Amino acid sequence: MPPAHPFDDDKLREECGVFGVVGVTDASNFVALGLHALQHRGQEAGGIVTHDTETGFNQQRRMGLVRDNFTSASMMERLPGMIGIGHVRYSTAGSKGQTAMRDVQPFFGEFSMGGAAIAHNGNITNALSLRRELIERGSIFQSSSDSECIIHLMARSMGRTIPDRMEEALRKVEGAFSIVAMTRTKLIGCRDPLGVRPLVLGKIGDGWALASETCAFDIIGAEFVREIAPGEMVVVTDKGVASHFPFRPNRSRFCIFEHVYFSRPDSILGGRSVYETRENIGRELAKENPVDADLVCPVPDSGTPAAIGYSLQSGIPYAMGIIRNQYMGRTFIEPTESIRNMGVRLKLNVNRALIKGKRVILVDDSVVRGTTSRKIKDMILDAGAAEVHFRIASPPTAWPCFYGVDTPKREKLLAATMTEEEMRAHLGVDSLKFITLDGLYRAVGEAKGRDAKAPAYCDACFSGEYPVAPSDMIEQGFEAKTAAE
Ligand code: SF4
């Protein structure tokens with residue numbers, strides 16, 4: 001397993017990516033490539049399940065990156081068939097930060113009408129109570145993953161077909177789920193009623209594909225057809241796509257942070273490239289929070305499009321003031337204590353010749369704990385910058401996410417315990433400004449900003465307003481926002 005990077009804990013992390021394909025020869029190769037394109041959504045482990053008429057269901061799960069596990073001919077030969085699904089994960093609520101092999105998806109279940117495999121991106125917010133109930137009624141769990149609940153609920157359903165059983169199971173589940181599943185002949189995709197996590201449909205030759213993001217279609221040469229609608233279940237066979245709506249209709253509450261950070265900039269969300277949206281976020285940020293300075297520099301890589309937008313809007317030149325070491329990442333050798341102490345310098349280096357004597361605006365996507373921001377500020381000042389101004393492309397992250405994103409506990413979030421001015425002093429910068437929630441909504445295409453009565457997105461990590469009550473967490477003592485906050 002690749003070691004966690006010494007400063008990777010200062011970002012929110014998407015926990016999973018899903019991919020599936022039907023109607024193509026050597027489906028597993030397509031799944032591996034799709035998962036490789038989705039690797040940014042989870043790097044700890046991955047798995048692929050395929051079905052072949054001669055050998056039945058085949059499955060392989062591995063710790064580590066797709067490129068290290070699912071590229072050899074000998075591995076791919078073990079996954080024959082024209083239908084397959086796959087999953088990459090960081091870690092789910094079940095085993096946070098420490099993926100156990102038994103938690104690596106897809107999960108597989110054998111039913112009276114045949115087998116089914118299922119892979120899930122998101123988080124089931126009532127998994128604890130469901131698990132308790134299922135165990136009391138005799139279910140034996142193999143993993144600590146909340147996604148396994150879906151398999152057990154399907155086993156208890158009286159539905160005649162696997163899609164029927166899945167519908168029934170998912171009606172009992174609360175939270176955020178984008179699911180890709182398969183039977184011997186059917187590829188199934190489903191999004192939760194609010195559509196918190198993404199799921200898209202693509203066409204490849206005579207076959208079809210489902211993926212967390214459209215960038216996974218580009219790598220296999222598939223055509224992006226459409227987003228799966230919130231609350232929609234699609235059952236895809238070689239005859240085409242059948243659409244079902246198993247849940248009560250609801251307003252979409254897609255995760256706004258996908259636009260800010262999680263999704264790849266070359267993916268399409270809501271009909272627009274993520275890159276373009278991030279550039280818009282930078283423009284809004286510049287309109288809301290101008291400052292006199294000489295250079296606009298991104299904190300690479302995720303701050304880059306917003307920094308370009310900030311520069312275009314403000315007229316202040318854009319420059320690569322910080323250079324990222326491309327070969328560092330998460331594949332670095334296990335860091336020793338002395339290497340750990342080098343901190344952010346392992347990954348980022350300041351372009352001294354450019355920075356010296358300049359008033360620098362640093363654009364980053366978010367501030368979580370603030371540990372990395374402080375180190376970056378130190379590097380910039382060491383390089384001789386005259387002033388450092390932080391501009392953040394998301395509002396203050398003051399609440400944890402319970403919908404499939406790894407977030408520190410609330411008390412570890414800088415914005416949960418400090419005012420903006422206190423955060424500025426803590427980071428030791430000349431100014432610190434965040435985009436407002438209204439500004440962020442404008443940047444993602446809501447011209448009037450956030451509608452407080454009916455927000456178009458999930459923005460709980462900024463607003464504390466959870467569109468689905470995190471019932472398990474409340475049971476464990478999480479204190480939701482009060483009217484006074
Ligand atoms: S809480 Fe934040 S990160 Fe989680 S789904 Fe909502 S907007 Fe996305």
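Reading the values: rules and limits
Here the residue numbering is sequential within each chain, running from 1 through the sequence in written order. Residue-level local features of this predicted model are given only where pLDDT is at least 70; pairs of side-chain atoms are given and counted only at 80 or more, and the full residue set underlies all totals for whole chains, interfaces and linings. With hydrogens and water set aside, each side-chain value is computed from the structure's full complement of heavy atoms. Counting from the N terminus, the helices are DSSP H or I runs at least four residues long and the strands are E runs at least two residues long. The buried label applies to any residue whose accessible area, calculated with a 1.4 Å probe on protein chains only, is under 20% of its type's maximum; exposed applies above 50%, and partly exposed to all values in between. Note on contacts: a residue pair is in contact if any heavy atoms of the two residues lie within 4.5 Å. Here, Shrake-Rupley sampling with a 1.4 Å probe gives the accessible areas, and only protein chains in the shown set may cover a residue. Charge convention: Lys and Arg are scored as positive, Asp and Glu as negative, and His as well as the terminal groups of each chain are ignored. Charge coordinates come from a single atom per side chain, which is NZ of Lys, CZ of Arg, CG of Asp or CD of Glu. For helices, the axis comes from a line fit to the C-alpha atoms of the stretch in contact; other axes are also lines fit to C-alpha atoms, and the angle between any two N-to-C directions lies between 0 and 180 degrees. With respect to orientation, any angle under 35 degrees is reported as roughly parallel, any angle over 145 as roughly antiparallel, any angle of 65 to 115 as roughly perpendicular, and every other angle as oblique. Here a crossing is called left-handed whenever its near helix is offset anticlockwise from the far helix by less than a right angle, and right-handed whenever the offset is clockwise. Just so you know the grouping, Ala, Val, Leu, Ile, Met, Phe, Trp, Tyr, Cys and Pro go in nonpolar, Asp, Glu, Lys and Arg go in charged, and all remaining residues, Gly too, go in polar. Pairs of strands are assigned from DSSP output, requiring at least two bridges between the strands. In the sections that follow, a salt bridge refers to a side-chain nitrogen of Lys or Arg positioned within 4 Å of a carboxyl oxygen of Asp or Glu. N or O atoms within 3.5 Å of each other form a polar contact, as long as, within protein, one can give a hydrogen and the other can take it, and as long as residues adjacent in sequence are counted only when both atoms are side-chain atoms. Near, as used in this document, describes a residue that has one of its heavy atoms within 4 Å of the molecule or strand being considered. By nonpolar core we mean a set of buried residues, namely Ala, Val, Leu, Ile, Met, Phe, Trp, Tyr and Cys, connected to one another through side-chain atoms within 4.5 Å. Looking at any residue, its pLDDT shows the predictor's confidence there, from 0 to 100. Aromatic contacts are taken between Phe, Tyr and Trp rings whose centres are within 6.5 Å, Trp giving its six-membered ring; a plane angle under 30 degrees counts as stacked, one over 60 as edge-to-face, and the others as tilted. Think of it as a cone above the ring: NZ of Lys or CZ of Arg counts as a charge over the ring if it is within 6 Å of the ring centre and within 35 degrees of the ring normal.

Undergrad: Any chance you could break down the overall build of the protein chain for me, citing the residues and the numbers?
TA: Across its full length, the protein chain holds 18 helices and 25 strands. In terms of its C-alpha atoms, the protein chain occupies a principal-axis envelope of roughly 70 × 55 × 40 Å. Taken across its 485 residues, the protein chain has 59% of its residues classed as buried. Put simply, of all contacts in the protein chain between residues at least 6 apart along the chain, 68% involve residues at least 24 apart. Per element, the accessible surface of the protein chain, about 19,400 Å² overall, is 50% carbon and sulfur. Separation between the mean location of the 57 positive side-chain charges and that of the 60 negative ones in the protein chain comes to 1 Å.

Undergrad: I'd like a description of the packing of helix α9 (residues 274–288) against helix α10 (residues 304–314), backed by residues and values.
TA: For the pair α9 and α10, the least separation of the axes is 6 Å and the interaxial angle reads 45 degrees. Relative to α10, α9 is oriented oblique. Once α9 is placed against α10, the crossing between them reads as right-handed. Of the residues in α10, those in contact with Y275, R278, E279, G282, R283, L285, A286 and K287 of α9 are P305, A306, I308, G309, Y310, L312, Q313 and S314. Taken together, the residues that form the contact of α9 with α10 break down as eight nonpolar, four polar and four charged.

Undergrad: Tell me about the sheet that holds strand β9 (residues 187–191), and please be specific about residues and values.
TA: The sheet built from six strands is open, its strands ordered β6-β7-β8-β9-β13-β14 with antiparallel pairing. Across the chains shown, the open sheet's two edge strands, defined by having one partner strand only, are β6 (107–111) and β14 (240–244). Each strand axis lies, on average, 20 degrees off the axis of its neighbour in the sheet, ignoring direction. Strand contacts of helix α5 (residues 148–156): β6, β7 (114–124) and β8 (175–182), with the helix running at about 5 degrees to β6, the strand carrying the most contacts.

Undergrad: Explain the sheet that holds strand β22 (residues 387–392) to me, using residue names and the numbers behind them.
TA: The sheet built from four strands is open, its strands ordered β18-β21-β22-β24 with parallel pairing. The open sheet has two edge strands with one neighbour each: β18 (295–298) and β24 (431–434). In this sheet, neighbouring strand axes are inclined to one another by 20 degrees on average, regardless of whether the strands run parallel or antiparallel. Sheet topology places β18 next to strand β21 (residues 359–364); four bridges connect them, and they run parallel.

Undergrad: Break down the side chain of R89 for me, citing the residues and quoting the values.
TA: Its place among the elements puts R89 in strand β5 (residues 83–89). Of the buried charged residues, R89 lacks a salt bridge, with D103 as the closest side chain of opposite charge at 4.8 Å. Polar contacts involving the side chain of R89 include one to the main-chain carbonyl oxygen of D103, which spans 2.9 Å.

Undergrad: Go over the pattern of salt bridges, please, and point to the residues and values.
TA: Applying the stated rule across the entire model yields 20 salt bridges. A salt bridge links E213 to R41, with the shortest nitrogen-to-oxygen separation between them at 2.6 Å. Residue E213 is located in the loop between β11 (207–211) and α7 (215–220), and its partner R41 is located in the loop between α1 (27–37) and β3 (45–52); the two are separated by 172 residues in the primary sequence. For R264, the salt bridge identified is with D266, shortest N-O distance 2.6 Å. Looking at R264, the relative accessible area reads 28%, which means it is partly exposed.

Undergrad: Requested: an account of the site of the ligand, with residues and values cited.
TA: V196, R197, C255, I256, F257, F262, C401, Y403, C458, D459, A460 and C461 make up every residue found near the ligand. Take the shell around the ligand: its biggest share by element is three residues, from helix α8 (residues 256–262). Broken down by class, the residue content of the shell around the ligand amounts to 10 nonpolar, no polar and two charged.

Undergrad: So, the nonpolar core: which residues are in play, and what are the values?
TA: Core analysis: the biggest nonpolar cluster contains 74 residues, and L362 and I380 have the highest contact counts within it. Discounting chain neighbours no more than four positions away, the residues touching L362 are C297, I322, I376, I380, V388, H389, F390 and R391. Core analysis: the second largest hydrophobic core is formed by 26 residues, F111, L130, F141 and C149 among them.

Undergrad: Tell me about the pairing of β11, and please be specific about residues and values.
TA: Counting buried residues in β11 gives five out of five residues, a clear majority hidden from the surface. By the alternation rule, side chains of β11 split into G207, A209 and A211 and W208 and L210, which are all buried. Where strand β2 (residues 16–22) and β11 come together, four bridges link them in antiparallel fashion. Paired with G20 across the bridge in β11 is L210. Judged from the five bridges that link them, strand β10 (residues 200–204) and β11 form a sheet pairing that is antiparallel. Each bridged residue has a counterpart across the sheet, and for V200 the counterpart in β11 is A211. In sequence, β10 turns back onto β11 through a hairpin of two residues, with G205 there showing a positive phi of about 55 degrees.

Undergrad: Tell me what's going on with the confidence of the model for the protein chain, and back it up with residues and numbers.
TA: Taken as a whole, the protein chain shows an average pLDDT of 91; of its residues, 92% reach a score of 70 or greater. Note that residues 1–7 has pLDDT below 50 and, in this model, 25 contacts with residues that lie over four places away or in other chains.

Undergrad: Can you tell me about the packing of aromatic side chains, naming the residues and giving the values?
TA: A complete count under the given rule lists 12 aromatic pairs for this structure. Centroid distance W399 to F478: 6.3 Å. Interplanar angle 80 degrees. Geometry classified as edge-to-face. Of this pair, W399 sits in the loop between β22 and β23 (405–406) while F478 is found in the segment after α18 (471–475), placing the two residues 79 residues apart along the sequence. Residue F478 is classed as buried on the basis of its relative accessible area of 14%. Grouped by ring-pair contacts, the aromatic residues W399, F402, Y403, Y466 and F478 constitute a single cluster. Cation over ring: K203 sits above W208, and NZ or CZ is 4.5 Å from the ring centre. Stacked on the ring of W399, the Lys or Arg R410 has its end atom at 3.5 Å from the ring centre.

Undergrad: Can you lay out the environment of G84 for me, pointing to particular residues and giving the numbers?
TA: The topology assignment puts G84 in strand β5. Exposure remark for G84: the relative accessible area of 0% places this residue in the buried category. Distance from G84 to Y275, taken between C-alpha atoms, is 30 Å for residues 191 residues apart in sequence. G84 has contacts with F19, G20, V21, A27, V31, V49, T50, M182 and L187, leaving out every residue within four places of it along the chain.

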